[in-house]
Amino acid sequence: MSTAYDTPRATGIGALVAEADAGRPPAGILDEDAKREIRRSALAAVCVPGYQVPFGSREMPVARGWGSGGLQVTLGVIGADDTVKVIDQGDDAGVNATNLRRMIAQTTGCDESADTREATVVQTRHRIPEEALGAGHVLVYQVPVPEPLRGVQKSVAECARMHAEGDYSAMWVSLYEDIVRNGMITASTGYPVLVGGRYVMATSPIPRWDVPRLDEAAHLNLFGAGREKRIYAVPPHTEVRPLTFDDVPFEVEHEPGGRCKFCGSGDVYLVNSGTEGAFACSDTEWCARVQAGDADTAAHRERAPLALLPDPRARAGRRDTPTAGTAAADDTPAARTAAADDTPAPARGTRADGPEWALRVDGIGKVHGAGGASAVPGTGPEHSTAISPSTGAVVAAWDVSFDVAPGEALGLIGESGSGKSTVLRCVIGDEPATAGQVHLASVDGGASEVLALPAAVRRRLRIDSMAVVYQDPAAGLDLRVSAGGNIAERLTAAGWRGYHAIRRRAAELLDRVEVPLSRMDDPVHTFSGGMRQRVQIAKALATEPPVLLLDEPTTGLDASVAAGVLDLLRSLLSERDVAAVVVSHDFSVIEALTDRTLVMQTGRVVERGLTDQLFHDPHHPYTQRLVAAARR
Amino acid sequence: MGYSGARGGLEAILAAEDLVRRKRDHAPATWASTEQITARFRLAVDRVMGEAGLYDEPTAADAFRQAEGDTLEASHLLRAQRSTLPRLAVSEPVDPDEMTVLRRIVPAFREPDGPQLLGRTSDYTGRLLERPDGPPEPSPRATDTANGTVRTEDQRSPRRFLDLLRKMDLVADGRTADDPEPHDITRKPARPPADRSAVLAAMARSESGALVALWYRSILGPDGDVHEITLGDLRHGRLPLRVRHPHTGNPVTVGEFRVTEAEAIEDLDGAEEDRTRFDIGYGLCFGHNERKAIAMANLDIANRRFGRSGPLEQLLLLTLDGLDSGGFLEHLKLPHYVTFRSMAERKQAMRAAAEAGEEPPARAAEPAGKECR
């Protein structure tokens, strides 16, 4: 493989080469201010390994996508006393590599070499050289797509948020679903890695074969994405882990028995060569040096990722799908402990001397429209309106306070429009409250005011401190993802990294909510409404959150299906130490599930008490109407 | 010594370059001088300057010739040329009201302040192909300006229609007292959420066809945020360029440049909007490029109203640059056999697993996440 393209046999080629070799006076293709800017960005990238640093990417004489980012980084870091090597697909002689090397050498006055041992700066597209790289090497990668989350999230603003918060559960779900669908991880090239335990990073795309070379590497890795205007880095001696579950081995490419048809090497990255099924080294330098006896093949064998060759027996495989029987067997205290051993326990801030309540809500209020608190006078049940006479704003809820203890369920009942769901949405964070405070015993022992916490922290709370079940399952589930994958989303967000532990936990939960395990790997959009709701409940309970909020959990369902879900919720609440808030317009739901109840009308609490008492002896006329409706 | 790579690649490149050069520069036809191109391919030169974000007619004309008429390639040449040069100064803010109009129309009003000036346009010329045998006879009128009429100051720099709308109190006032530095998208990549100035700059430098296509997608596509737009001012004219003198510190006019400017009137009807008034979208780009300026003005107002509730802001900031989209598309021509081998290996591994008895799933879900590389 000397060239990727045939050389036209035009006359005078020799003269053209001679003319090119004679060299023209170096003309800069990037001004010095730009190079300074690039070095600054590269330094920032080294300081925050794996983080994509924006930079004022300049237009290069090569098209964006043809190494304009790598070229800028190389020009930024290289000097006249450097030696540059450029490879494309591992080949020094490919047209793109040749073109870039010519440009770099001509405009900087540095030396060129195809020998990695002589080079100080290696610019590459798609490969890491087979030769060892050391502290004297800078490896510059040309990067077409720097965003590893692009596959699971198309909004760049949302990708930025996910990186900032280390919220990578969508990536883990995509790996989980991949194994479920295909029995193995099929992500092929540009495999995502976790750098320094913090940022998920796209690997350029190099083949999986090269990915282990990034981990604790002795050389500096700089990645330049010109079109997307990002530079990122893996500094020397940085931990780089391919994203995979603890019990699912990362696999490099392998062709059983494959050897290079030129040098005979079998422990290198091989590419197809010719139409007869033969293979050849993609690294042409290494291949030539092996043939010439100028290569330390023993040391190379040590570097080669032979321990990561695919081993079908070690794969997770679909055979491991838990059956109802094994899930039931797993549902023993011993099995749970075993599962807990390889999974992080949900963080619990509850202290022995902490508050008696798990959730406390003080004076929650929500005003839609102008005026804020000043819009409140003149609204409420005694005025029979939620509309502010002074500002015209809608006072959806005002001065709603309650607390819920572990193992207790509190009901919020009222007609639709009475403000009960608004209260719930303010507590969970789906909409900002106008007034009031929320405290969770699991957060600083109840000391912190939850509504004042940053949005990122509040999102974290939803993983394992306060879960919600919405009326519409589509609000709490990704319908395109399997039932197990939806539960995996919550578990991986909470730090679970064992594929089998996740499968076991998901099966256990789905079994508990009476979703047949034969449907565990089906996308949720193929489920009936009642089944979807059961999956949503299983997901909410996945991390055993101390607080569970249920917003009209049975309202969208047929009467008989609703009754089944209600039965399920009743037994789930009774067997758990969870503090639950149940919002419903239906007194029969409230009666079935809750111990205490608040009755809401026109945004205010009009009556509160033990559910039984309210149901049997309602005082407020409005409560009497609700009870009568439930008995009808 | 060490390994030296084969040189086949270089030979191929040089031969390809030679082929281009010979066929282009030594074609059996009269040489197209830079003056020929600026005089006869004015709109192409303007488009290249706009998409490059660099205003200099002879340079753009040379790029247009070198690129064999490929406007995107020509703007690439200009931008790469710009990358070699230091930034010596930043101009003073330009006041579009100083424009000396060459053309100005106000579709929204019968008799606006100042003239409805058609200027140099083929808008009303029948699109009939002319097949001349050769150059036209020399015309004594060729050097006359504007048919010999002398225009007054008001005609040269008419008041903008927006002033009249404001006098009629028909425009929601979005002006703010602060005067923030505009976002320089050539130094600081703009991503959502971004300032309006970043979005305007991205549109001004965008590939004209891409901008018009995005605008039209809004009209006839499956989604869209462009509504009942009426065009206010549409202008093409000359503006002075001033920089501060390095010694005296005073603004000095160092040149002139032509721009197209558009103001689009949008009906406000949203819940939180002032439904008794209109709002104005703004477009300005280098040279004479009315399609671009009008699309830009339409999309500016759409972006301010709906940019973040949907995909529009990301589309405007990240998908309109011709060098970005064209470069990424063209990179597919580069060898990909290393990555393709990696992909093929996974296909073969899946098949091997299936043949070894591991059953594929009975009902496979759609993949959660698809990569682009």
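Residues numbered from 1 in each chain as written. Chains lettered and ligands numbered in written order. Predicted model: local features only at pLDDT ≥ 70, side-chain atom pairs only at ≥ 80, totals over all residues.

Asks: Please provide a residue-by-residue account of the overall build of chain A, values included.
Replies: Within chain A, the secondary structure is distributed over 20 helices and 21 strands. On the principal axes, the C-alpha backbone points of chain A span a range of 105 × 60 × 50 Å. Sorting the 632 residues of chain A into buried and exposed places 54% on the buried side. Look at the contacts in chain A between residues 6 or more apart in sequence, and 68% of them connect residues 24 or more apart. (Helix = DSSP H or I, 4+ residues; strand = E, 2+ residues; numbered from the N terminus. Buried ≥ 20, exposed ≤ 12 C-beta atoms within 10 Å, placed from the backbone. Contact = placed C-beta atoms within 7 Å.)

Asks: Mind laying out the UniProt feature "domain: ABC transporter" (unreviewed entry) in chain A, listing which residues take part and the relevant values?
Replies: The feature "domain: ABC transporter" (unreviewed entry), as annotated in UniProt, sits at residues 359-627 of chain A in this numbering. Overall, residues 359-627 of chain A shows 36% helix and 22% strand. The separation of its end C-alpha atoms is 27 Å. (UniProt positions renumbered as here; feature names shortened; annotations may be inferred.)

Asks: Describe the domain arrangement of chain A, and please don't skip the residues or the numbers.
Replies: Under the domain assignment used here, chain A contains domain 1 (18-148 + 190-242) and domain 2 (404-432 + 451-631). Computed over C-alpha atoms only, the centres of domain 1 of chain A and domain 2 of chain A are separated by 51 Å. (Domains from an automatic or database assignment.)

Asks: Outline the domain arrangement of chain B, listing residues and values.
Replies: Residues and elements named next belong to chain B. When cut into domains, chain B gives domain 1 (11-83) and domain 2 (96-120 + 153-174 + 182-326). The distance between the C-alpha centroids of domain 1 and domain 2 comes to 28 Å. Counting residues at the interface gives 12 residues for domain 1 and 15 residues for domain 2. Where the side of domain 1 that touches domain 2 is concerned, the elements lending two or more residues are helix H3 (42-52) and helix H5 (71-83). Broken down by element, the side of domain 1 that touches domain 2 gets its largest block of residues, six residues, from H3.

Asks: Explain helix H14 (residues 483-493) of chain A to me, and be specific about the residues and the numbers.
Replies: All names here are of chain A. Burial of H14 is extensive: 11 of the 11 residues sit out of reach of the surface. The set of residues buried in H14 consists of Ala483, Gly484, Gly485, Asn486, Ile487, Ala488, Glu489, Arg490, Leu491, Thr492 and Ala493. Those residues of H14 that are buried lie in contact with helix H6 (169-182), helix H12 (455-464), helix H15 (499-512) and helix H16 (529-541). Remark: Gly495 follows H14 within two positions and exhibits a positive phi of approximately 105 degrees.

Asks: I'd like a rundown of the confidence of the model for chain B, residues and numbers included.
Replies: With 93% of its residues at a pLDDT of 70 or more, chain B shows a mean pLDDT of 90. Across the whole predicted complex the pTM is 0.90, and at the interface the ipTM reaches 0.90. (pLDDT = per-residue confidence, 0-100.)

Asks: Please give an account of the interface of chain A and chain B that cites residues and values.
Replies: The parts lose accessible area when they come together, and the size of an interface is often stated as this lost area. On the chain B side, the residues contacting the 93 residues of chain A number 67 residues. Breaking the side of chain A that touches chain B down by element, the ones donating at least two residues are helix H1 (13-22), helix H2 (32-47), helix H4 (95-108), helix H5 (156-165), H6, strand E11 (270-273) and helix H7 (284-291) of chain A. Taken together, the residues that form the side of chain A that touches chain B break down as 36 nonpolar, 31 polar and 26 charged. (Nonpolar A, V, L, I, M, F, W, Y, C, P; charged D, E, K, R; others polar.)

Asks: Go over the sheet that holds strand E7 (residues 199-201) of chain A with me, naming the residues and quoting the values.
Replies: Residues and elements named next belong to chain A. The sheet built from three strands is open, its strands ordered E7-E6-E10 with antiparallel pairing. The open sheet is flanked by E7 and strand E10 (240-242), the only strands paired with a single partner. Adjacent strand axes in the sheet meet at a mean angle of 30 degrees, parallel and antiparallel pairs treated alike. (Pairing = 2+ DSSP bridges. Axes fitted to C-alpha atoms, helices over the stretch in contact; angles between N-to-C directions.)

Asks: Residues and numbers for the packing of H14(A) against H16(A), please.
Replies: All names here are of chain A. Contact geometry of H14 with H16 gives a least axis separation of 8 Å together with a crossing angle of 25 degrees. By the angle between their axes, H14 is roughly parallel relative to H16. When you trace H14 past H16, the crossing you get is right-handed. In this structure, H14 contributes Ala483, Asn486, Ile487 and Arg490 to the contact, and H16 contributes Val535, Ala538 and Lys539. Residue classes in the contact of H14 with H16 are distributed as four nonpolar, one polar and two charged. (Parallel < 35°, antiparallel > 145°, perpendicular 65-115°, else oblique. Left-handed = near helix turned anticlockwise from the far one by under 90°.)

Asks: For the nonpolar core, give the residues involved together with the corresponding values.
Replies: Judged by nonpolar contacts, the single largest core of 227 residues is most densely connected at Leu510(A), Ala538(A), Leu549(A), Val581(A), Ala202(B), Met203(B) and Met296(B). Look past the residues within four positions of Met296(B) in its chain and what remains in contact with it is Met203(B), Ala204(B), Leu211(B), Ala262(B), Gly283(B) and Cys285(B). (Core = buried A, V, L, I, M, F, W, Y, C linked by C-beta atoms within 7 Å.)

Asks: Could you give me a rundown of the environment of Met99(B), with the residues and numbers involved?
Replies: Residues and elements named next belong to chain B. For Met99, the location among the structural elements is in the loop between H5 and strand E1 (100-105). Taking the C-alpha atoms as reference points, Met99 and Glu11, separated by 88 residues in sequence, lie 52 Å from one another. If we skip the residues at most four places from it in the chain, Met99 touches Ser157, Arg235, Gly237, Arg238, Leu239 and Glu261.

Asks: Can you lay out the confidence of the model for chain A for me, pointing to particular residues and giving the numbers?
Replies: Residues and elements named next belong to chain A. Looking at chain A as a whole, the pLDDT averages 90, with 90% of positions reaching at least 70. Contacts from residues 1-10, a stretch scored under 50 in pLDDT, to residues over four places away or in other chains number 26 contacts. With pLDDT under 50 throughout, residues 324-350 is counted as low confidence; its partners more than four residues away or in other chains account for 39 contacts.

Asks: How would you summarise the sheet that holds strand E4 (residues 278-286) of chain B if you had to cite specific residues and measurements?
Replies: Residues and elements named next belong to chain B. Read across the open sheet, the four strands follow the order E1-E2-E3-E4; overall the sheet is antiparallel. Strand pairing shows two members of the sheet lacking a second neighbour, E1 and E4, which therefore form its edges. Strand-to-strand, the axes of this sheet are offset by a mean angle of 20 degrees, without reference to chain direction. Sheet topology places strand E3 (residues 251-267) next to E4; nine bridges connect them, and they run antiparallel. From the neighbouring strand, Glu263 faces E4, where its bridge partner is Tyr282. Sitting on the sheet, helix H10 (residues 290-306) touches strand E2 (229-244), E3 and E4, and the angle it makes with E4 is about 145 degrees.

Asks: I'd like to hear about the packing of H14(A) against H15(A), residue by residue, with values.
Replies: Residue and element names in this part refer to chain A. For the pair H14 and H15, interaxial distance at closest approach is 9 Å and the crossing angle is 115 degrees. Every pair of crossing elements has a handedness; the one defined by H14 and H15 is right-handed. Here Ala483, Gly484, Ile487, Ala488 and Leu491 of H14 lie close against H15, whose contacting residues are Ile502, Arg503, Arg505, Ala506, Leu509 and Leu510. By residue class, the composition of the contact of H14 with H15 is eight nonpolar, one polar and two charged.

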